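Residues per chain, in single letters:
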Amino acid sequence: MTNLDTSDTTEESGPGGYAAARLLLLQEKERPGPPRRAALARLTDDWLAGLFAAAAPPRGTALVAVGGYGRGELSPRSDLDLLLLHDGTADQAAVAALADRIWYPVWDLGLALDHSVRTPAEARATAADDLKAHLGLLDARPLAGDHGLVAALRTTVLADWRNQAPRRLPELDELCRERAERTGELQYLLEPDLKEARGGLRDTQVLRAVAASWLADAPREGLDTARRRLLDARDALHLATGRATDRLALQEQDAVAAELGLLDADTLLREVYEAARTVSYASDVTWREVNRVLRARSVRPRLRTLLGRGGTKPPVERTPLAEGVVEMDGEAVLARSARPERDPVLPLRAAAAAAQSALPLSLHAVRRLAAAAGPLPVPWPAEAREELVTLLGAGEATVPVWEALEAEGLVTRLLPDWERVRCRPQRNPVHTWTVDRHLVETAVRASSLTRRVGRPDLLLVAALLHDIGKGWPGDHSVAGETIARDLAARIGFDRTDTAVVATVVRHHLLLVETATRRDLDDPATVQSVAAAVGSLGTLELLHALTEADALATGPAAWSSWRASLVADLVKRVAGVLTGAPLPDPEAAAPSAEQERLAMEALRTGEPVLALHTRDEQPLDEEEPEPVGVELLIALPDQPGVLPAVAGVLALHRLTVRAADLRAVDLPGGLGSGSVLVLDWRVAAEYGSLPEAARLRADLVRALDGSLDIPARLAEREAAYPRRRGLAAPPPRVTVAAADSRLATVIEVRAQDAPGLLHRIGRALEGAAVRVRSAHVSTLGANAVDTLYVTRPDGTLLPDEEAIDLARALEEALR
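(A) Structural view of the overall build of the chain. Each helix and strand in the chain was counted, giving 32 helices and 15 strands. Each principal axis of the C-alpha distribution contributes one length, and for the chain these read about 110 × 70 × 55 Å. Burial status across the chain gives 51% buried among its 814 residues. Of the roughly 36,700 Å² of accessible surface on the chain, a fraction of 50% belongs to carbon and sulfur atoms. In the chain, 96 side chains carry a positive charge and 117 a negative one; their mean positions are 5 Å apart.

Dropping the structure here:
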């Protein structure tokens, strides 16, 4: 262990002595966190004070630390925010020379420096024009020189801040909103900015400034701990990277977690998210109070005029919302007659009333409920269950009320299993939210779909619980079924309703995964879904939950294309559940257009193409999706068709969604041999469609070998180097248990990339199998391609042969 006494290491004020002492301090492992930051600040104070003294400063000058350094919060790579203050009596050349004697040694060590030279009047004028400069001066701390000069400036700056608060605080609020819009919410970002993102260190500084104005103060519980956690994470990030960065990038998270002694990167993110959530909630409460005070101040002069001298202040209006809950001054608060210690349903009733009225639940009310309300009996009484459903059905207004309950620990008291998903990160970048917020967002989305189902209460509760199993190892749907069954019974649903909720949670991914990855014309596909669902009522709930879940995941998870596939599957499953027979796909005749194209291809002996375009609008986005295209291709049956077509489409930046391939035998008189008809669903990557003639020309060249597709794709990939980040996991190919009578089902999971289906097609051509259909599903960087394959004679592959094919395909894709 290294014992470092900074008073002994700073006798030499030169850069070498400070640099060596600083390095020793940062290498210590026994003094992390606040002790190290304070020691680094003291060490730096002593060094800078020595530089100041050695420069023979003129009278009326002082060296001042401002901003984070003024607060004594020096992270390993923090900027030094310094102000050289002078009273204006000294010679300007002498002041400039003094500044050089301080600034240049700092620069020589490679330390970042934010510096200025000003008189107190100039500092005040700068603060009046620059809000950020004013905030920095609120933390001014003298390092050397005339301390009285610094104290006078601090007193004046603080008085200005309090006098100007009605004007400056709305300006600061707007700056915070703009910053949040630009950097996002720290508690939901996979690569958060620990300082600038909403809920980060910048917001803790803002809360200190608001408190200094005396207009409002932040809720203090947990705030210091949250701030310390964020500072500790930033320290570890600086040490792990050796850079002055505040962005917690994916590739740095394991090293940062190790530096902090945490289990893994997920544990790190969860701690950071919890801290950010505390800061964000405190900010919401504080700004609400600031706005309330400012509104009251603006009304007070008018009241004095109306009332005249000797008038009395009118009583505050209290509007009843529910039993024990009233609205007062724009918030839901507890009524004077409320007795939470005798009314265990009151927390849910107050939350439901607030959300239904689109009001925030007051901080005082939530804290009183958390401190005094008794536990609900298990199972819950009917009123409690109904209030939970009412809260979940309030739409967007549910979110801030739920966050208030969470901040005081009421949610985990009501639903104990919630603790496992609270602030849990989701590594898939398709997800916008942490697991717990995603569950609440899904309920919000489901609230707009309740008119489509017979049991809105079951839909809302299933939406809240559908990913509850993500807090446990293994398949989250399987674990979630057990947890949802227990929680539904706890909430007070009877045995039948509990079983429905558990079934919906177990199969909440069934519809979208089946619709996008399986052949809906295969009777086995539809029958397997019908067997899992069991009833029309459950199918109805699953359909609505599928949409709500996808919309709450992120913009990449839902579109009119996915919606149409799911709706088609639901229609077919509903037919099975009502006893309607499924059509035989083998007996289906080609469409009139397919037959026309096939006849033309047989006559000419060359490919024939037809394009049908349609704009697709995502169901929850303002911007339209890329143009959707149905591409029909007919050509004489020959080897290499699938990789050739897939490669040409990739070169033209067309994303494949689904592909159906069928051989058509035409009536006599047109020649002999069969024609291959391909029905592809594709999307233009950048919204512009290639001409059919160009597609056809490139396809002819690909089939005759004059177009080297692999080389062209490699050139394009080389032109766009990959971004830094975590290495993609290797591809995985499996034989799916689809019980299909038509084909063997092979499932490929891989990193999405241009030409992936082309590479798959080439590997399958080499294995001498026939592709009946392909179904492509892409979420973010992950692609799941499902291939229905047979032997050349149309029979299914034996088990061993199918496994060998999967292994060979996996090896070919590595």
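(B) Expanded view of the environment of L703. Here L703 lies in helix α29 (residues 692–704). Between the C-alpha atoms of L703 and L262, which are 441 residues apart in sequence, the distance is 56 Å. Dropping the residues within four chain positions of it, L703 is found in contact with P607, L635, Q638, G640, V641 and A644.

(C) Structural view of the packing of aromatic side chains. Enumeration according to the criterion identifies 4 aromatic pairs in this entry. Arranged with centres 5.1 Å apart and planes meeting at 90°, the rings of Y104 and W107 form a pair that is edge-to-face. Taken together, the positions of Y104 and W107, both in helix α5 (residues 92–108) and 3 residues apart, correspond to about one turn of that helix. Classification of W107 as partly exposed rests on a relative accessible area of 36%. Pairing Y188 with W433 gives two aromatic rings, centres 4.9 Å apart and planes at 90°, and the pair type is edge-to-face. Pair noted here: Y188 is in the loop between α9 (165–183) and α10 (201–212) and W433 is in the loop between α18 (410–414) and α19 (435–447), with a separation of 245 residues, a long-range link. Directly above the aromatic system of W214 lies the positively charged group of R162, at a separation of 3.6 Å from the ring centroid.

(D) Summary view of the sheet that holds strand β7 (residues 331–334). Read across the sheet, 3 strands follow the order β5-β6-β7 without closing on themselves; strand pairing throughout is antiparallel. Edge positions in the sheet fall to β5 (318–322) and β7, since each of these pairs with one other strand and no more. Averaged over all adjacent pairs, the angle separating strand axes in this sheet is 40°, with direction ignored. Looking at chain direction, strand β6 (residues 325–328) and β7 are connected through 4 bridges and run antiparallel. Its bridge partner being in β7, E327 is matched across the sheet by A332. Contacting β5, β6 and β7, helix α14 (residues 346–356) crosses the sheet at an angle of about 40° to β6.

(E) Local environment of the pattern of salt bridges. Under the criterion given, the structure shown has 53 salt bridges. When the shortest N-O distance is used, the salt bridge between R202 and E196 registers 2.7 Å. The class for R202 is partly exposed, based on a relative accessible area of 26%. Residue E196 is classed as buried on the basis of its relative accessible area of 19%. Between D217 and R220 there is a salt bridge, with the nearest N and O atoms lying 2.9 Å from each other. A relative accessible area of 44% places D217 in the partly exposed class. The partly exposed category is assigned to R220, whose relative accessible area is 44%.

(F) Just the confidence of the model for the chain, in detail. Taken over all residues, the pLDDT of the chain has a mean of 89, while the share at 70 or more is 91%. In this model residues 1–12 is a low-confidence stretch, pLDDT under 50, and it forms 17 contacts with partners more than four residues away in sequence or in other chains. Segment residues 615–627 is flagged for pLDDT under 50; beyond a separation of four residues in sequence, or across chains, it makes 38 contacts in the model.

(G) Local environment of unusual backbone geometry. The amide bond that connects V378 to the next residue, P379, takes the cis arrangement and shows omega of 0°. Inspection of the secondary structure assignment puts P379 in the loop between α15 (363–372) and α16 (382–392).

(H) Molecular detail of the environment of I746. Here I746 shows up in strand β13 (residues 744–751). In the structure, I746 is positioned 582 residues away from Q164 in sequence and 69 Å away in space, judged by C-alpha atoms.

(I) Looking closely at the environment of R182. Note on placement: R182 falls in helix α9. Take R182: its relative accessible area is 59%, and that puts it in the exposed class. Taking the C-alpha atoms as reference, R182 lies 34 Å from H508; in sequence the two are 326 residues apart.

Parameters and conventions
- Residues numbered from 1 in each chain as written.
- Predicted model: local features only at pLDDT ≥ 70, side-chain atom pairs only at ≥ 80, totals over all residues.
- Heavy atoms only, no water.
- Helix = DSSP H or I, 4+ residues; strand = E, 2+ residues; numbered from the N terminus.
- Buried < 20%, exposed > 50% of the residue type's maximum accessible area, 1.4 Å probe, protein only.
- Areas by Shrake-Rupley, 256 points an atom, 1.4 Å probe, with all protein chains shown as cover.
- Lys, Arg positive; Asp, Glu negative; His and termini not counted.
- Charge placed at Lys NZ, Arg CZ, Asp CG, Glu CD.
- Contact = heavy atoms within 4.5 Å.
- Phe/Tyr/Trp six-rings, centres within 6.5 Å; stacked < 30°, edge-to-face > 60°.
- Lys NZ or Arg CZ within 6 Å of the ring centre and 35° of its normal.
- Pairing = 2+ DSSP bridges.
- Axes fitted to C-alpha atoms, helices over the stretch in contact; angles between N-to-C directions.
- Salt bridge = Lys/Arg side-chain N within 4 Å of Asp/Glu carboxyl O.
- pLDDT = per-residue confidence, 0-100.

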